[in-house]
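What follows is each chain in one-letter form.
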Amino acid sequence: IHFDDTPFEDVFDVETELGSGQFAVVRRVRDRKTGERYAAKFIKKRRYATSRRGVTRQNIEREVRVLQKIRGHSNVVELRAVYETASDVIIVLELVSGGELFDHVCAKECLDEVEAAAFVKQILLAVRHLHSLHVVHLDIKPENVMLKQRGESQIKIIDFGLSREIEPGATVKDMVGTPEFVAPEVVNYEPLSPATDMWAVGVVTYILLSGGSPFLGDNRDETFSNITRVRYHFSDRYFKNTSKHAKDFISRLFVRNVDQRATVEECLQHPWIRGPEGNAIDIRKASCITISH
Ligand SMILES: Cc1ccnnc1
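Caption draft 1: The arrangement of the overall build of the protein chain in detail. The helix and strand tally for the protein chain stands at 12 helices and nine strands. Oriented by its inertia axes, the alpha-carbon framework of the protein chain measures out at about 55 × 55 × 35 Å. Sorting the 293 residues of the protein chain into buried and exposed places 48% on the buried side. Across the protein chain, every contact between residues at least 6 apart in sequence was considered, and the portion connecting residues at least 24 apart equals 61%. Accessible surface, the protein chain as shown: approximately 14700 Å² in total, 49% of it carbon and sulfur.

Caption draft 2: Looking closely at the nonpolar core. Leu124, Phe160, Val201, Leu208, Phe249 and Trp272 are the most contacted members of the largest nonpolar core, which totals 72 residues. Setting aside its immediate chain neighbours within four residues, valine 201 contacts Val120, Ile123, Leu124, Val127, Ile140 and Leu253. One finds Phe8, Ala81, Tyr83 and Ile90 within the second-largest nonpolar core, a separate group that totals 12 residues.

Caption draft 3: Summary view of the site of the ligand. The ligand sits among Val26, Ala39, Glu94, Leu95, Val96, Met146 and Ile158. Here glutamate 94 contributes a backbone N or O atom positioned 2.9 Å from a nitrogen atom of the ligand. Within the complex, the protein chains bury 92% of what would otherwise be the 230 Å² of accessible surface of the ligand. Considering only residue class, the shell around the ligand consists of six nonpolar, no polar and one charged.

Caption draft 4: A look at the side chain of asparagine 226. Here asparagine 226 lies in helix α7 (residues 220-228). Asparagine 226 has contacts with Phe215, Leu216, Gly217 and Arg231, leaving out every residue within four places of it along the chain.

Caption draft 5: Focus on helix α4 (residues 113-132). Over its 20 residues, α4 runs 27 Å from end to end, which matches the ideal 28 Å to within 8%, given 1.5 Å per residue. For α4, the side-chain oxygen to backbone nitrogen distance between the N-cap and valine 114 is 3.0 Å, and the N-cap itself is aspartate 112. Where α4 terminates, the next one or two residues include histidine 134, which has phi positive at roughly 60°.

Caption draft 6: Region of interest: the packing of α4 against helix α6 (residues 194-210). At a minimum axis separation of 10 Å, α4 and α6 run at an interaxial angle of 165°. Considering the angle they form, α4 stands roughly antiparallel to α6. Considering the relative orientation of α4 and α6, their crossing is right-handed. In contact with Glu113, Ala116, Phe119, Val120, Ile123, Leu124, Val127 and His131 of α4, α6 contributes Pro194, Asp197, Met198, Val201, Val204, Thr205, Leu208 and Leu209. Here the contact of α4 with α6 is built from residues that sort into 12 nonpolar, two polar and two charged.

Caption draft 7: Highlighting the pairing of strand β5 (residues 88-94). With seven of its seven residues buried, β5 lies for the most part within the structure. Where strand β3 (residues 37-44) lies against β5, seven bridges are found, and the strand directions are antiparallel. From the neighbouring strand, lysine 41 faces β5, where its bridge partner is isoleucine 91. Note: strand β4 (residues 79-84) against β5, five bridges, orientation antiparallel. Paired with leucine 79 across the strands is leucine 93, a residue of β5. Connecting β4 to the next strand, β5, in antiparallel fashion are three residues.

Caption draft 8: Local environment of the packing of aromatic side chains. Counted according to the given criterion, the structure contains 15 aromatic pairs. A centroid spacing of 5.8 Å and a plane angle of 90° characterise the contact between phenylalanine 12 and tyrosine 83, whose relative ring orientation is edge-to-face. Of this pair, phenylalanine 12 sits in strand β1 (residues 12-20) while tyrosine 83 sits in strand β4; the two residues are 71 residues apart in sequence, bridging distant segments of the chain. The exposure class of phenylalanine 12 is buried, given its relative accessible area of 5%. Ring-pair connections join several aromatic residues into one group, and the members of that group are Trp199, Tyr206, Phe215, Tyr232, Phe234, Phe239 and Phe254.

Analysis parameters
- Residues numbered from 1 in each chain as written.
- Predicted model: local features only at pLDDT ≥ 70, side-chain atom pairs only at ≥ 80, totals over all residues.
- Heavy atoms only, no water.
- Helix = DSSP H or I, 4+ residues; strand = E, 2+ residues; numbered from the N terminus.
- Buried < 20%, exposed > 50% of the residue type's maximum accessible area, 1.4 Å probe, protein only.
- Contact = heavy atoms within 4.5 Å.
- Areas by Shrake-Rupley, 256 points an atom, 1.4 Å probe, with all protein chains shown as cover.
- Core = buried A, V, L, I, M, F, W, Y, C linked by side-chain atoms within 4.5 Å.
- Near = heavy atom within 4 Å.
- Polar contact = N/O pair within 3.5 Å; in protein donor to acceptor, adjacent residues only side chain to side chain.
- Nonpolar A, V, L, I, M, F, W, Y, C, P; charged D, E, K, R; others polar.
- Expected span 1.5 Å × (residues − 1).
- Axes fitted to C-alpha atoms, helices over the stretch in contact; angles between N-to-C directions.
- Parallel < 35°, antiparallel > 145°, perpendicular 65-115°, else oblique.
- Left-handed = near helix turned anticlockwise from the far one by under 90°.
- Pairing = 2+ DSSP bridges.
- Phe/Tyr/Trp six-rings, centres within 6.5 Å; stacked < 30°, edge-to-face > 60°.

Purely spatial values, then, with no claim about function.
Structure follows, in structure tokens:
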């Protein structure tokens, strides 16, 4: 990828803001020469070691290293270039403009199993790609999954700000992630692993099928207590007509013991994903192609 010293402003016109976080803002930019549009993530650099503002160089370099390592999968956002100014590091990414999966779900309140399974299958394919490279995402949630194009079914995981490389056998302990999506080992400050991502896939699946969050409490401590006690249920209101395959898929992920929790491979082999639901979008796509002849 690009690392030469051409100033960012000489190459791109900055257009609209796409999103912002604690120390980063994502803006849509346009390459003046080619007209191509990208998403540029401006990460504020930490000025002094003692400061709590901005991101440390170590963490910025980790995100760039992960993005470089995982390039080349259709469900993972593509890194295009990295620039640096006095105050920011600018990560130029492929533009994913279909909106958040979260908004797509909200628009429908919840999805039918066919559509949910097709989205979950793509998330599993992206997670399998990460885990095969010994990368764990550690912040899988609907806000970090976007539709490539509006009205299409291809999704991309877009944010790797908390991701890290975990070599097999190495242990990482950190209190990272978004409370309602974190696994018991995160709450208990025990070693994190690829299994930590799989718990989050369970939470996303539960939300896609019901519109509700399985462990969310009235406050952070209650949420954490629900998680460590694996306290959730399939309310009849949303799960009465949900297949037993879908419920079994989720139950295999909400397992406190990381050694017994389903892996990404086991999830991809699960009947709910391999069954008609998991492939329905492909079938539907295939059928609409035949219809359009
Ligand atoms: C927010 C975002 C991030 C990456 N690519 N497109 C959009």
